[in-house]
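The lines below spell out each chain.
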Amino acid sequence: QQPVQSPQAVILREGEDAVINCSSSKALYSVHWYRQKHGEAPVFLMILLKGGEQKGHEKISASFNEKKQQSSLYLTASQLSYSGTYFCGTEQGGNNRLAFGKGNQVVVIP
Amino acid sequence: SQTIHQWPATLVQPVGSPLSLECTVEGTSNPNLYWYRQAAGRGLQLLFYSVGIGQISSEVPQNLSASRPQDRQFILSSKKLLLSDSGFYLCAWSVWTNGHRIFGSGTQLSVL
């Protein structure tokens, strides 16, 4: 089942922080986060497994709330290079089916 | 190191024509292979995945098919393209079934 990502789009100035969310109505085994630049392939950022762990990639970190079936991606002190569309992929029970959301478009301006 | 190759980068095809997109992975053995489609402004839709030679699982009924003739080769085909087949096609691989996906550079397909 496709996860729901919010907000659809975020515009922020360089150095500002932002939070984007990924929610599912079903119990999750793992959450993947990817970033895609226009016309390019998605690039893997991080994966979070059941257990509510938090991970980081550069100044981008993520959390996984099992009870809420939600993952949040935190963009801290954003850089111009953070611009792109962020996709979350959710997996239920290790079934090898990663369902992707429609993405959060992030635009960082100088 | 592992690399994934996908070609062609862009393709313009008339409605009703056949399609063949190829993807190969280097530097690893027995990868899990995937075909995704991304329509404009949409998410990534899983079309097919394969855990081994000749083993193909289809996610969405459609006029597309996939084959895995060799361990590191994955092919997406169609006998007759539809307008709705237009989109950005991405091949990907992973080490484990629940591992992260590593994507190829994609093929932008326009069916006219």
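The structure under discussion appears in the preceding block.
First things first, this report covers the structure right here in the doc.

Rules of the game
All chains use their own residue numbering, which begins from 1 and follows the written sequence. All chains are assigned letters beginning with A, and all ligands numbers beginning with 1, in the order in which they are written. Note on the predicted model: pLDDT of at least 70 is required for a residue's local features to be given, and 80 or more for side-chain atom pairs to be given and counted; whole-chain, interface and lining totals, by contrast, use all residues. As a convention, hydrogens and water are excluded, and side-chain values are obtained from all of the structure's heavy atoms. Runs of E in the DSSP output that reach at least two residues are strands. Runs of H or I that reach at least four are helices, and both are numbered from the N terminus. Methods summary: accessible areas were calculated by the Shrake-Rupley approach with a probe of 1.4 Å, and residue burial reflects only the protein chains presented. Charge counting treats Lys and Arg as positive and Asp and Glu as negative, with His and both chain ends excluded. A charged residue contributes its charge at one atom only: NZ of Lys, CZ of Arg, CG of Asp or CD of Glu. Two strands are said to pair when DSSP picks up at least two bridges between them. Axes, fitted as lines to C-alpha atoms, cover a helix only where it is in contact. Angles between the N-to-C directions of the axes lie from 0 to 180 degrees. Contact criterion: two residues are considered in contact whenever any of their non-hydrogen atoms come within 4.5 Å of each other. Buried area is understood as the total, over both parts, of accessible area removed when two parts are fitted together, assessed with a 1.4 Å probe. A pair is scored as a salt bridge if a Lys or Arg side-chain nitrogen falls within 4 Å of a carboxyl oxygen belonging to Asp or Glu. As used in this structure description, the phrase polar contact means that two N or O atoms lie within 3.5 Å; if the pair is within protein, one of them must be able to donate a hydrogen and the other to accept it, and residues adjacent in sequence are counted only when both atoms belong to side chains. The classification of residues rests on relative accessible area computed with a 1.4 Å probe and restricted to protein chains. Under 20% of the type maximum is buried, over 50% is exposed, and intermediate values are partly exposed.

Here we look at the overall build of chain A
If you tally the helices and strands in chain A, you get zero helices and eleven strands. What you see in chain A, going N to C, is helices and strands ordered as β-β-β-β-β-β-β-β-β-β-β. Projected onto its principal axes, the C-alpha coordinates of chain A cover approximately 40 × 25 × 20 Å. Surface summary for chain A: the accessible area is close to 5300 Å², and the carbon and sulfur share equals 49%. Charged side chains in chain A number 11 positive and 8 negative. The centres of these two groups are separated by 8 Å.

Comments concerning the sheet that holds strand 8 (residues 73–78) of chain B
Residues and elements named next belong to chain B. Sheet architecture is open: four strands sit in the order 1-3-8-7, paired in antiparallel fashion. Among the strands making up the open sheet, the edge pair consists of strand 1 (3–7) and strand 7 (64–70). For this sheet the average axis-to-axis angle between neighbouring strands, irrespective of direction, equals 15 degrees. Across six bridges, the pairing between strand 3 (residues 19–26) and strand 8 is antiparallel. Bridge assignment links Cys23 to a residue of strand 8, and that residue is Phe74.

Some remarks on the interface of chain A and chain B
Across the boundary between the two partners, chain A contributes 19 residues, which contact 19 residues of chain B. For the pairing of chain A and chain B, the buried interface totals around 1600 Å² over both sides, and the portion due to carbon and sulfur atoms is 55%. Along the contact surface separating chain A from chain B lie zero salt bridges. Linking chain A with chain B are two residue pairs in polar contact (both at pLDDT 80 or more). Contributing elements (two or more residues each) for the side of chain A that touches chain B: strand 4 (30–36), strand 5 (43–49), strand 9 (84–91) and strand 10 (98–100) of chain A.

Let's talk about the pattern of salt bridges
Residues and elements named next belong to chain B. Summed over all chains, the structure comprises two salt bridges over all chains. A salt bridge links Asp85 to Arg37, with the shortest nitrogen-to-oxygen separation between them at 3.6 Å. Residue Asp85 is located in the loop between strand 8 and strand 9 (87–94), and its partner Arg37 is located in strand 4 (residues 32–38); the two are separated by 48 residues in the primary sequence. Both residues of the pair, Asp85 and Arg37, belong to the buried class. Salt-bridge contacts for Asp71 lead to Arg68; the nearest nitrogen and oxygen are separated by 3.3 Å. For Asp71, a relative accessible area of 22% translates into the label partly exposed.

Some words on unusual backbone geometry
With an omega of -10 degrees, the peptide bond running from Ser6(A) to Pro7(A) counts as cis. For the bond from Trp7(B) to Pro8(B), the omega torsion is 0 degrees, close enough to zero to count as cis. One can find Pro8(B) in the loop between strand 1 and strand 2 (10–13). Residue Ala77(A) is not a glycine yet carries a positive backbone phi of 50 degrees. Within the secondary structure, Ala77(A) sits in the loop between strand 8 (70–75) and strand 9.

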